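Here's the letter readout for the chains.
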Amino acid sequence: MVFRFPKSLDPITLFHSPALASSKRAHTILRQAAAVASETATEDQASDHLEHAKRQRGEFQLEVTTAPPTPDQLRNILDYVGGGVKPSDLVQGAKDAKDALELFKKDEGKFVRPVTVDWTHGKAVVGDNESEILKMVHQLDVD
C-alpha cells in the first residue's frame with residue numbers, strides 16, 4: 001500500500017454578516033452543500049456514484065468570516081466575479097475596480113456582504129443566489 005498525504009480541501013470563504021437575511025441564507029446553503037459533499041465522499045463507491053463524483057468537487061473547507069477581505073483579497077474577488085457584477089455590487093458607491101479598492105481602503109464598511117469565494121478555482125458569487133453558489137461549490141460541468 002502506498003502512503004499518501006491527505007489532499008487538502010479547497011477553501012471556500014463566505015464573507016458573512018449575521019445581521020443580513022441574505023447572508024444567513026448563503027451560510028445555510030454553504031453549510032448544507034459542505035455536509036452533502038462530506039457524506040458523498042464517504043459513501044460506498046458505486047459505479048453511478050463514480051460518474052457523479054467526477055462531476056463534483058467533493059469535500060471543501062468552508063471558512064466563514066465576519067471580517068472584511070484584505071485589499072489583496074478584494075482585488076482577487078473583483079477579478080473572480082462573473083459577468084453582470086459591477087464593482088459597486090462589492091463596494092458601495094464604486095465606479096470601477098480601481099475606485100472600489102480606493103473606497104475600500106478608506107472605509108472597509110463599504111464592502112457588501114454576503115460574498116462567497118472559491119479561491120482555488122477563482123470564482124466568486126455576490127449575494128445569496130442559491131443556483132450560482134451551488135454551481136460554484138459543486139464545480140458542475142455546466143459552464
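An unreviewed UniProt entry annotates the protein chain as DUF1687 domain protein originating from Neosartorya fischeri. For the protein chain, the Sequence similarities (unreviewed entry) comment in UniProt is given as "Belongs to the FMP46 family." Per its UniProt entry, the protein chain bears the Function (unreviewed entry) comment "Putative mitochondrial redox protein which could be involved in the reduction of small toxic molecules."

J.: It is not clear to me how the nonpolar core should be interpreted in this structure. Could you clarify?
T.: Nonpolar side chains in soluble globular proteins generally cluster together in the buried interior. Judged by nonpolar contacts, the single largest core of 17 residues is most densely connected at Ile 77, Leu 90 and Val 91. Among the elements of the structure, helix H3 (71-80), helix H5 (97-106) and strand E3 (115-118) are those that each provide at least two residues to this core. Per-element tally for this core: the top contributor is H5, with four residues. Contact partners of Val 91, with chain neighbours within four places excluded, come to Leu 74, Ala 100, Leu 103, Phe 104, Lys 110 and Val 112. Of all hydrophobic cores here, the second largest spans 13 residues; its members include Ala 26, Leu 30, Ala 34 and Met 136.

What counts and what doesn't
- Residues numbered from 1 in each chain as written.
- Predicted model: local features only at pLDDT ≥ 70, side-chain atom pairs only at ≥ 80, totals over all residues.
- Heavy atoms only, no water.
- UniProt positions renumbered as here; feature names shortened; annotations may be inferred.
- Core = buried A, V, L, I, M, F, W, Y, C linked by side-chain atoms within 4.5 Å.
- Buried < 20%, exposed > 50% of the residue type's maximum accessible area, 1.4 Å probe, protein only.
- Helix = DSSP H or I, 4+ residues; strand = E, 2+ residues; numbered from the N terminus.
- Contact = heavy atoms within 4.5 Å.

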